[in-house]
Structure formats: C-alpha cells, structure tokens
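Reading the structure
One letter stands for each residue in the lines below.
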Amino acid sequence: MKLGDLVKFTQEHSSKPGFDYTIGWKGLVVAEAPALTIFWSTGDGETIGDWIGQDGPGEMAEQVLEVIFES
C-alpha cells in the first residue's frame, strides 16, 4: 500500500466475530511514515487510523486490507 491508494478491509477480516463493523469501510492512505495512516469513511462518519506493525508501517496491513484503487 502506498500514498493515495484506496483500500478496504478484506472479506475474511470483516467476517470475523467482532470485526463486522468494518464491513463497507473505505479508506485513503494519506501517509506512509512513520505509520501507515488511513483516512476512513465509515457508516458512522469519518475517522483516521495509524497502522504500525512490529516490522514497519505496513507490516500485517496486507493481511487484512486490500487495495481497491491504486494511486
């Protein structure tokens, strides 16, 4: 994932118990460092979230997010 990409949570992630609230969320990657920062559009409004994995900013994001439009 890189700056400007449009992303969403994978079906696998959103279907897990307790994560169903993420169904339909769409996000725009607005920063890559020091964290992968995503501006989310949700069913309840907008929010911003940072993604910092143990091995770097995007680590593990690829497992639960998918790019739906590349910048």
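Up top is the structure.
Across the sheet, five strands lie side by side as E4-E3-E2-E1-E5; this open sheet has antiparallel pairing. At either end of the open sheet lies a strand with only one pairing partner, and these are strand E4 (45–51) and strand E5 (65–69). Here the average twist between neighbouring strands, direction ignored, is 35°. Note that strand E1 (residues 6–9) and E5 share four bridges and pair antiparallel. Each residue of the ladder has a partner; that of Lys8, found in E5, is Glu66.

Moving on: the side chain of Thr42. Mapped onto the fold, Thr42 is located in strand E3 (residues 36–42). Its relative accessible area of 16% is what places Thr42 among the buried residues. Contacts of Thr42, omitting those with residues within four sequence positions, involve Trp25 and Thr47.

Cut-offs applied
- Residues numbered from 1 in each chain as written.
- Predicted model: local features only at pLDDT ≥ 70, side-chain atom pairs only at ≥ 80, totals over all residues.
- Heavy atoms only, no water.
- Pairing = 2+ DSSP bridges.
- Helix = DSSP H or I, 4+ residues; strand = E, 2+ residues; numbered from the N terminus.
- Axes fitted to C-alpha atoms, helices over the stretch in contact; angles between N-to-C directions.
- Buried < 20%, exposed > 50% of the residue type's maximum accessible area, 1.4 Å probe, protein only.
- Contact = heavy atoms within 4.5 Å.

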